[in-house]
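Observations on chain architecture
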Amino acid sequence: MCYDISMKFFKNFLFIFILILCSLLENSSQNTSFFYPTYFTNISSYYGYREIFNGTFFHNGIDFLAPQGSDVFSCTEGIVTQIGFSTSFGNYITILHSNNISSLYGHLSSYHFVSIGDTVKEKQKISTVGPKILDNGIQNGITTGPHLHFTLFDSNKNTLDPLLYIKKE
Ligand SMILES: [Zn+2]
């Protein structure tokens, strides 16, 4: 009997403890904020639909007017998950952050200062802004000139408007 009561008490205690832990984790995800991934914070193209090539196109991130060769930083701490090339983003890097939010940096140079699996700190230099045309003659993604494309993804891989999450310094 005594054992039953203490077990019940323990289970209730555990349940409350888990509830508190969950609410703390939820709060930390709401407070997740990111830093600009470049010193050049002027934006040439915002997140959302835009008119282009006689049609509408969804721009899934923001474009920073950052010159070729300028530094690109991790927007917050995380783990480097991809270093690759795509026809849309050219040379790109992705980083996984806490709460399964991930960031993508596009139109980069071929100079990377990190490897897949590396842990990076906030504002750590990961690459530089690349040229429009790469050394191998291939266009560095869909771009009219050097700039940094930046996308944030939530845990379901849906894109987020980065401006809602970037901490204004
Ligand atoms: Zn873009």
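Residues numbered from 1 in each chain as written. Predicted model: local features only at pLDDT ≥ 70, side-chain atom pairs only at ≥ 80, totals over all residues.

A short note on the overall build of the protein
When its secondary structure is counted, the protein shows one helix and 13 strands. In the protein, the succession of helices and strands from N to C terminus is α-β-β-β-β-β-β-β-β-β-β-β-β-β. Taken over 169 residues, the protein has a buried fraction of 28%. A sequence separation of at least 24 residues applies to 58% of the contacts in the protein between residues at least 6 apart. (Helix = DSSP H or I, 4+ residues; strand = E, 2+ residues; numbered from the N terminus. Buried ≥ 20, exposed ≤ 12 C-beta atoms within 10 Å, placed from the backbone. Contact = placed C-beta atoms within 7 Å.)

As for the nonpolar core
Counting 19 residues, the largest nonpolar core has V72, Y92, I93, Y105, L108, I126 and L148 as its most contacted members. Secondary structure elements with two or more residues in this core: β4 (62-64), β5 (71-73), β7 (90-96), β8 (102-106), β11 (125-129) and β12 (148-153). Ignoring sequence-local partners within four residues, the contact set of I93 consists of V80, Q82, I83, Y105, L108, H112, I126 and S127. (Core = buried A, V, L, I, M, F, W, Y, C linked by C-beta atoms within 7 Å.)

Focus: the pairing of strand β2 (residues 48-52)
The buried fraction of β2 amounts to zero of the five residues, a small share that puts the element mostly on the outside. The pairing of β2 with strand β3 (residues 55-59) spans five bridges and is classified as antiparallel. Note on β3: the bridge partner recorded for G48 is H59. Counting the residues between successive antiparallel strands, the hairpin from β2 to β3 contains two residues, one of them, F53, with a positive phi of roughly 50 degrees. (Pairing = 2+ DSSP bridges.)

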